[in-house]
Each structure stands twice: as structure tokens, then as C-alpha cells.
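So you can see what is in the structure, the chains are spelled out below.
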Amino acid sequence: MDAKELLDSLDVGVLAMAPDWTVAAWSAAAARITALPADRVVGGSIWIAFPAAKGTELELVLVDVLADGKPRTFLAPAGTPEVAGTVLEIRVTRGPEDHLVLSFRPVHEELAPESRAAQLLSALEAERRLYLQLFSSLPTPALVLSPGGQILDANPEGANLLGGADATALRGRVLTEWAPAAQQGMLAAGLRHAVTKRQDVALSFEFAGEPAREVRAVVVNVDPVRAAPKLLFLALDVSREILLQQRLLQADRLSQLGALVSGVAHELNNPLAAIAAFGEALALEPHQSDLQESAEVIRSEAMRAGRIVQTLLDFARQRPRMQTAVDLGEIADRVLALQRSALKKARIRATISIPHDLPAVSGDPQELQQVMLNAVVNAAQAIEGTGRPGQIVIAGRSTDHHVLVTVDDTGPGVPPEILDRVFEPFFSTKAEHGTGLGLAISFGLVRGMGGRMWMQNVEGGGARLSFELPVDAGSPDAAARAPGRPAGQRLSLLVVEDEDAVRRAMALLAKRLGHEVTTVGRFADATERLAQPGARYDALLVDVHLDEAHTGFDLFDHLRTAGQGLEQRIVFTTGDSISTQTRDALERAARPVLRKPFSLDDLREMLERVTAG
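Residues numbered from 1 in each chain as written. Predicted model: local features only at pLDDT ≥ 70, side-chain atom pairs only at ≥ 80, totals over all residues. Heavy atoms only, no water.

A separate point is the pairing of strand 17 (residues 463–470). For strand 17, a buried count of 6 out of 8 residues is recorded, marking the element as mostly surrounded by other parts of the structure. Two strands pair when backbone bridges link them, and strand 15 (residues 402–409) and strand 17 are joined in this way by 7 bridges, in the antiparallel orientation. Across the sheet, the residue bridging to Asp 408 is Arg 464, located in strand 17. For strand 16 (residues 452–457) and strand 17, the ladder comprises 6 bridges, and the chain directions are antiparallel. In the strand pairing of strand 17, Asn 457 is matched with Ala 463. (Buried < 20%, exposed > 50% of the residue type's maximum accessible area, 1.4 Å probe, protein only. Helix = DSSP H or I, 4+ residues; strand = E, 2+ residues; numbered from the N terminus. Pairing = 2+ DSSP bridges.)

On to the packing of helix 12 (residues 328–345) against helix 13 (residues 365–384). It is the contact of helix 12 with helix 13, at a shortest axis distance of 9 Å, that shows an interaxial angle of 40°. Judged by the inter-axis angle, helix 12 sits oblique to helix 13. As for how helix 12 packs across helix 13, the hand of that crossing is right-handed. Listed contacts from helix 13 to Leu 328, Ile 331, Ala 332, Arg 334, Val 335, Leu 336, Leu 338, Gln 339 and Leu 343 of helix 12 are Pro 365, Leu 368, Gln 369, Met 372, Leu 373, Val 376, Val 377 and Ala 380. Its residues placed into classes, the contact of helix 12 with helix 13 shows 14 nonpolar, 2 polar and 1 charged. (Axes fitted to C-alpha atoms, helices over the stretch in contact; angles between N-to-C directions. Parallel < 35°, antiparallel > 145°, perpendicular 65-115°, else oblique. Left-handed = near helix turned anticlockwise from the far one by under 90°. Contact = heavy atoms within 4.5 Å. Nonpolar A, V, L, I, M, F, W, Y, C, P; charged D, E, K, R; others polar.)

The subject of this paragraph is helix 13. Over its 20 residues, helix 13 extends 28 Å from the first C-alpha to the last, a length consistent with the 28 Å expected when each residue adds 1.5 Å. With a side-chain oxygen positioned 3.0 Å from the backbone nitrogen of Glu 367, the residue opening helix 13 is Asp 364. (Expected span 1.5 Å × (residues − 1). Polar contact = N/O pair within 3.5 Å; in protein donor to acceptor, adjacent residues only side chain to side chain.)

Looking now at the sheet that holds strand 14 (residues 390–399). The sheet built from 5 strands is open, its strands ordered 12-14-15-17-16 with mixed pairing. Edge positions in the sheet fall to strand 12 (348–353) and strand 16, since each has one partner strand and no second. Averaged over all adjacent pairs, the angle separating strand axes in this sheet is 15°, with direction ignored. For strand 12 and strand 14, the ladder comprises 6 bridges, and the chain directions are parallel. Within strand 14, the residue paired with Ile 352 across the bridge is Ile 394. The sheet strands contacting helix 12 are strand 12, strand 14 and strand 15, and the helix crosses strand 12 at an angle near 175°. Against the sheet, helix 13 engages strand 12, strand 14, strand 15, strand 16 and strand 17, with an angle of about 145° to strand 14.

Moving on, we come to the pattern of salt bridges. Pairing between side chains becomes possible if they bear opposite charge and their charged atoms approach one another. Across all of its chains, the model carries 15 salt bridges by this definition. Of the charged contacts in the structure, one is a salt bridge between Arg 72 and Asp 68, with a shortest N-O distance of 2.8 Å. The partly exposed category is assigned to Arg 72, whose relative accessible area is 23%. Overall, Asp 68 belongs to the partly exposed group, its relative accessible area being 25%. Between Asp 500 and Arg 503 there is a salt bridge, with its nearest N and O atoms 3.1 Å apart. Taken together, the residues span about one helical turn, with Asp 500 and Arg 503 both in helix 15 (residues 500–512) at a distance of 3 residues. Via salt bridges that share partners, Glu 59, Arg 171 and Lys 230 belong to a single interconnected network. (Salt bridge = Lys/Arg side-chain N within 4 Å of Asp/Glu carboxyl O.)

Turning our attention to the environment of Leu 541. Within the secondary structure, Leu 541 is located in strand 20 (residues 539–543). Separated by 48 residues in the primary sequence, Leu 541 and Leu 493 have C-alpha atoms spaced 7.4 Å apart. If near-sequence neighbours (up to four positions away) are discounted, Leu 541 is found in contact with Leu 494, Val 495, Val 496, Met 506, Val 571, Leu 603 and Leu 607.

Let us look at the packing of aromatic side chains. For the coordinates displayed, the defined rule picks out 5 aromatic pairs. Taken together, a centroid distance of 6.0 Å and an interplanar angle of 40° make the contact between Trp 26 and Phe 104 tilted. You can see Trp 26 sitting in strand 2 (residues 23–26) and its partner Phe 104 sitting in strand 5 (residues 100–108), a full 78 residues away along the chain. Taken individually, Trp 26 and Phe 104 each receive the classification buried, so the pair is uniform in this respect. The interplanar angle of 50° and the centroid separation of 6.3 Å between the aromatic rings of Phe 556 and Phe 572 together place this pair among those described as tilted. Here the residue Phe 556 occupies a position in helix 17 (residues 552–562), and Phe 572 occupies one in strand 21 (residues 570–574), the gap between them amounting to 16 residues. Residue class for Phe 556 comes out buried when judged on its relative accessible area of 4%. Given the relative accessible area of 0%, Phe 572 is considered buried. (Phe/Tyr/Trp six-rings, centres within 6.5 Å; stacked < 30°, edge-to-face > 60°.)

That bond from Lys 596 to Pro 597 is cis: its omega, -5°, falls within 30 degrees of zero. The residue Pro 597 is located in the loop between strand 22 (593–595) and helix 19 (600–610) in this model. Phi is positive for Arg 347, close to 60°, though the residue is something other than glycine.

Looking now at the side chain of Ser 362. Along the chain, Ser 362 falls in strand 13 (residues 361–363). On the accessibility criterion, Ser 362 (14% relative accessible area) is buried. When sequence neighbours within four positions are dropped, the list of residues in contact with Ser 362 reads Gln 323, Thr 324, Met 449, Pro 470, Val 471 and Asp 472.

Interpretation of this model should avoid reading the predicted coordinates in detail wherever pLDDT is low. Of all residues in the chain, 79% attain a pLDDT of 70 or more, and the chain-wide mean is 81. The low-confidence segment residues 431–436, where pLDDT is below 50, has 10 contacts with residues more than four positions distant or belonging to other chains. Predicted confidence is poor over residues 476–487, with pLDDT under 50, and the contacts of this stretch with residues over four places away or in other chains come to 8 contacts. (pLDDT = per-residue confidence, 0-100.)

With that out of the way, let us pick up the sheet that holds strand 20. Taken in spatial order, the 5 strands make up an open sheet running 19-18-20-21-22, and their pairing is parallel. The sheet terminates laterally at strand 19 (516–520) and strand 22, the two strands that pair on one side only. The average undirected angle you get between the axes of adjacent strands in this sheet is 20°.

Summarising burial for strand 21: 5 of the 5 residues are buried, a large majority. By the alternation rule, side chains of strand 21 split into Ile 570, Phe 572 and Thr 574 and Val 571 and Thr 573, which are all buried. As judged from the 4 bridges shared by strand 20 and strand 21, these two strands associate in the parallel manner. Residue pairing for strand 21: Val 542 is matched across the bridge by Phe 572.

The following block contains the structure:
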């Protein structure tokens, strides 16, 4: 008689369980007692044979017998619908190669509901269901482990933490499989120490093709009296928290940069204003034609430096959202001015194709600058990934009451399977080099301004980021603007500027326009000049910062108190960052501002504006 025939001849059911907790053998009596045929059980999990016993005493006994080899006997419900109410007496012994042998027989075919055993089993079943419900409904990842790190059970969140695998498929695997090699020893030691003392661990879980997940966990022994302890691994995925911390740190550094640049902006823009003005005057000098090209380079580069300083200030400064008319061509120019050096190093040619007559859109200038900067940076990174030179094209055109802006690149494009995910927060294809927040933030900013944004691949390779914004309905039409004074009309100007070089430069530009110019450097000098009999000025160019004791707003208040209306002829000039205090004062004064450095055309347009009518 062979071994199978011998097993089948027994009155008791016999099950052999392999080390991976699958059924290796199933006797004929076992099939008869449980009403489960061998082909349904063999090769499957042991919990197919005893579905009602998972998480009960049976599971604990199996772990104990595997650990110490001591046989144990206990009662457990059969649990299959076909034999509901059947109670089994089960004896567990350890066989060769860590196989367990379970022999079982029914104690009573049907226990009377009022019997003591039935009451105990009913209570046991209720406790089991409660445990499973609590374990499964935990909002945080939870694993049950052996001290060696073998996974005995996992709730749905725990399975999701380990890559979304089915909880059943995780049983028997070792948790260190998911930890980086450098952290596996630390994790194993933490699990060993958790047998006697609670452990707090911090580690990373790695997945193929996905960013690592940063995890903080508490490990406790929930069964310390047994020879084979069970460890509860309660985890918290802090990946998003760490990303947010990084973003906050980045924002703090940006704020510090803004404060630093704000502190030196006035010192930079004043000399730039003087350089630009003298360069432009030299370029217009008819007797210095051989120097015109050099002078124009000096002027244009000084103006470019001024625009870069202003762009940095606008980008770094924190302020409330505003809704105004925005020139997208100007925004594109400022973004490429910021990125010119980086694009050149990456061998990327950037061009702008935005018509001069493109309508202004309704939006926030700083936020639109951030949107376009994110688009250009993403496009540049895509091209750099190819290792080849490339091109970025920023284009704009009018649609039905909207303006459409596209940013095209010659990179590899976006994989089709993730096109619909690129605007998800924290979704990134750049691994540790990306936060996954740039496009998500841009998407939210555009929607907040009443627009929409989308991504697509372009034929022939590359990607196109598009966004559409409503045309600004309140933008005045150029033809409807109030007419200015006739070109070439001579004005009488008073320039109030504390820096000698800037004062001379402003006077030089104004005289180039054919105006009569008087200059002073201090508050007292200005009030004295304005108080002279017969003093008449068509416009006053007043620096926001004058001497140590006075500002341009002090002069504005002085003239308003005098009651002659001269304060309405003031144009404020400034080279600073327009701090909150300065901005509030400008809003109260409701006077135009000429930012330094400025060109001859800027000055002409401003004077025409304030002297119109």
C-alpha cells in the first residue's frame, strides 16, 4: 500500500502544508469531512481549506509549530458553506523540510446552538470578523510580520504601499525585498529589536519605474508571550510631505533671494538708467556716427540688464493675485531673458512668434510669467534628454474672444499612456530630478484666470503645451485713447532726482525730445524752485527716494496741501522693487510710474500721457 492509499484509508482528514502556506497533500477523508475536493484545494492557500480560521487560533498555532516543532491540538470551525456549523479537532505536527501535517476530525456534526462549545465558537468567530474588519479598514498601511521580516498578512493600504500587489500574493515574501540595499540591514535589525521593544524606523521603498516612497513606521510585537512573535508594522507614506517640505524650503530660498535682490535693485537700476540714457544719447549724436553701433549696444544691454532685474523681482516677490491686462509678448520676452544663458548652454534656439497686435489677455502678470517659465523649462529639459540641439517656439494667435499660446519643443514627446496624467500633482517623469508640481501649478493658475491648458504630441516629434486665456475686455483701444499733445511740442519739466548721474541722464533724454529741463537733487531744492514766482512746469519727474529725510511722496503731499494742483503733474520714477510700502503709497497717490532704466521712447510716451488734454 503506497502513502496515498494509506492516507485515504484513514478516518481522519490529513493535510500537508508546504512552507509557502500552500496545500501539498489532501486526503480522501479530508475531502469528505470538508466537502472540498482535492483538485480545488491542492496547490492553493491553506485558507481555501479553512476559510473561517484565518486570523484565529489556527494561524497562531501554525506559526508556533513552525517555530518550535512542538505538536499542538485545538478546536476550529470548518467554515465552508457545505459544512456550516461543523467543528474540527485539529492536531498540527511539523514534518520534514518545514512541512506541517494537519490531521482533523469533526467533534460534532452539528453543535446545538445552546451548547457551551457553540457559544465559544460563535464568540471566536465574532472576534475574528472584528479583527479582520479593523485590520482591513485601517487608513494607514499595516503589515503583520515575523521577526525575520516574512509577511504574514497585509491590509489593502499595506498592499498598496508595496506597489499595489494583492495582499494574498504578499504572504511569505520578505519585506526587505522593497528596501534599498543600503537600508536592508537596518530594517532587519529593527525587526529583530522589535520583538522586545517598540521600534521607529524610517526607510525608502523602491519600485521599478516609479519614484521611491519615503516611509516612517512603528513596529511592535503584538504577541510577546509566544515563542514565535508577531510584529505589527504600521507605516506612514511621507513622500508627499517630504516633497512639500522641499517646496517650502525652495519657496523660502526664493523669498530670501527676492529680499536680497530687492535690497540691491535700487543700486543696480539707477546706474543702469544712467548708462542706458547716455548710451542712447550717444547713439543719436549725428557727429558720432562711427560710435553709434557701440552706443546702441551699451544702451540695449543696459536695458536688458534692467529687464532681468525687474523679472527676478517680479518672480520672487510674494503679493496678492491681481487681474489686469497682460501683454503675452512682453511676458515671453522676459522669460527668455531669464533663460537665455541656460538655453544657450543646452544648444537650444528659442524663438517667439507673437504678433504685435495680439490682444492683451486678462490675467495676473506674475502668474503668467510662472506658467510660461514652467513651460520653457520643461521643454528645455525634454530637449536636453535627447543629447541633441533643439528648438523651442513660443507662438500666440487670436481665437474666438480668447488668445491661444503654444510652446513647442523638438524633444522626444510625451509617452501616450501618460499624456492624461501630466497635470496630476506629484506625477513626474524626471524621478528624483522632478517634484511633479510644475505643470500641476501652471494648470491651476491658468484655470484660476478663466482659461484652460492641455498637452499634446506634435507630428514629427516633440510636444506642445497649449493654454488659452480670455481677451481682456477692458483694454482700451489705441484709437480710442485721448490724443496727446502734438509731437515736438516743447514742455517745461522739473526733474527731482538725488543721484547726479541719473539726474544728468534724465535731463539729457528730455532735452533730446526738445523740452526745457530744470533739475534739482533734494526735497528742499524742489520746494524752493516750485515756490518761485512765475514757476510753471508741465510735468514733474520725481524719484520715489530723495534724501535721507524725504521721499517723493512727501513732495506729493506738500504740493497737494498747497492746493494749486501741481501734484497731478507728477510722474514718479523708481529703480527699486516696488515694495509693499511703496506700492501702497503709489496707489494712494494714483500717479503713473516710470521704471528705471527707461528709454527715450518710454519717456516720450509717459510725457504724452500725463500732459494729454
